[in-house]
Amino acid sequence: MPMTRSRKLLCWWLTNLCRLVLSATFIFSGTVKLIDPTGVQYKVEDYASAFGTGDRVGPLTALVMALLLALLEFTLGVYLFFGIRRHRTTQFLFLFMSVMTALTLYLAVENPITNCGCFGDALVLTNWQTFWKNVVLLGMSLAVMLGYRRMTRFITERNQWLVSLYSLVFALAFAFYNLYALPVVDFRPYRVGLDIYKGVMDERYGTDMSMRYIDLSMQDEQYNDITEQWLSAEGYKFLLVAPFLDKADDSNSDRINDLYEFAVAKGYPFLCLTSSMSKDVERWRDNTGAEYPFALTDGTVLKTMIRSNPGLIVLKGGRIIRKYANTQLPDLQGENANVQSAMLSEPSEHSYLRAMLRLLLLFVVPLAFFSLADRIWVGSKYYRRYRNRKRINITNQLNNYSNEKKDCSR
């Protein structure tokens, strides 16, 4: 039975609606992972431990797997949006969602990991919520695969390589920048602008249930709890966060020592937080000449605080005002007043909004240009065809008129 026009239109709308929802989901999921590839690496390591393969999956392997997953999701979302290689893309999408739905069903039933990490720290879902979300996406992927011919292309097949190449290069460059520095957008509890001291007190005493997000405990080298005492002090404070000193990068130890001397000269407290044993602390002191005090904190908490080993957090009172990766530590050589001023300055209230806007423009504007150029190219091609047909028609009409005139003259 042939489909009616209204039914065809309905199928077209449903296919493209599912396609856009899937595209938005995968682009969002991939972008979140590209923003924080180190966090995805930690999640891959958690998965490996849960499945008993932690010894075979080292940090480098976990990082490579994290990057591949982020690139796959991001480019898959872009391919769906633009309608690139519709048949192969939708087939792969359905296969991918089938595997992920089965995996999340196992996670929901067995619960080896409490959070699957599908959307990183930007959107935390329970395992059952993740499973039902994947069931919906699996159904959409089936609808898109069956109706892939109805997907409207936003760029012609001839120019698809431009979007594909740019998306891949952008994603790789963006991921490596976030690895080199810090995530351009921080979705974690210890982000710039939040009050650690208030969070710790709320966590311990439940004074504000909506603010219970931080579980931080700091013990000095004699195992005395110094959390409240240290965080409650007024003024500027410096936290050097080094989750694991035996794996920490000591290439910028001179800058760290300069920062410590600057803090001492100004009367600012300086403390290094680590989860390492005493022997690792002593080895770090011997290798770097560190004179600053150390305190013990849970390693998972430290990895959450900053995605760098080591990394620097500047506080004013109990509030975080600056965070620096080891590769971007302030250079205080020559007592640079501008660097000192920037290091102790208050963060902008709209810094995250501006970061997201810059990120959006950096990716969307070139793609919009490619799409517009593609449309102009297609339009010019059709216009040339129209001009050629018109020219041929005029020529034929003139020839016919000429022939008719000749016949009449006879």
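Below, the structure is looked at part by part. In this text, all values refer to a predicted model and were calculated from it rather than measured experimentally. (Residues numbered from 1 in each chain as written. Predicted model: local features only at pLDDT ≥ 70, side-chain atom pairs only at ≥ 80, totals over all residues. Heavy atoms only, no water.)

## Overview of the nonpolar core
Thinking step 1. With 27 residues, the main nonpolar core has Phe238, Phe270, Tyr292, Val314 and Met343 as its most contacted residues.
Thinking step 2. Every element with two or more residues in this core is listed here: strand S2 (236-242), helix H9 (253-266), strand S3 (270-274), helix H10 (278-288), strand S5 (311-316) and strand S6 (319-325).
Thinking step 3. Ranked by residues supplied to this core, first place goes to H9 with 5 residues. (Core = buried A, V, L, I, M, F, W, Y, C linked by side-chain atoms within 4.5 Å. Buried < 20%, exposed > 50% of the residue type's maximum accessible area, 1.4 Å probe, protein only. Helix = DSSP H or I, 4+ residues; strand = E, 2+ residues; numbered from the N terminus.)

## Concerning the sheet that holds strand S1 (residues 219-220)
Thinking step 1. Reading across from one edge, S1-S4-S3-S2-S5-S6 is the order of the 6 strands in this open sheet, with mixed pairing throughout. Unpaired on one side and paired on the other, S1 and S6 mark the two borders of the sheet.
Thinking step 2. Two strands pair when backbone bridges link them, and S2 and S5 are joined in this way by 6 bridges, in the antiparallel orientation. If you follow Lys237 over to S5, its bridge partner there is Leu315. (Pairing = 2+ DSSP bridges.)

## Points about the pairing of S3
Thinking step 1. By the criterion of burial, S3 is predominantly enclosed, with 5 of the 5 residues buried.
Thinking step 2. Across the two faces of S3 the burial is the same, with Phe270, Cys272 and Thr274 and Leu271 and Leu273 all buried.
Thinking step 3. Note that S2 and S3 share 5 bridges and pair parallel. Counterpart to Phe238 in the pairing with S3 is Phe270.
Thinking step 4. Where S3 lies against strand S4 (residues 294-296), 3 bridges are found, and the strand directions are parallel.

## Some details on the packing of helix H2 (residues 37-50) against helix H3 (residues 59-82)
Any two packed helices are characterised by the angle at which their axes cross and by the distance between the axes.
Thinking step 1. Where H2 contacts H3, the two axes come as close as 8 Å, and the packing angle between them is 115°. When the axes of H2 and H3 are compared, the crossing they make is right-handed. Together, Pro37, Val40, Gln41, Val44 and Glu45 of H2 and Pro59, Ala62, Leu63, Met65, Ala66 and Leu67 of H3 make up the contact between the two elements.
Thinking step 2. Of the residues that constitute the contact of H2 with H3, the class distribution is 9 nonpolar, 1 polar and 1 charged. (Axes fitted to C-alpha atoms, helices over the stretch in contact; angles between N-to-C directions. Left-handed = near helix turned anticlockwise from the far one by under 90°. Contact = heavy atoms within 4.5 Å. Nonpolar A, V, L, I, M, F, W, Y, C, P; charged D, E, K, R; others polar.)

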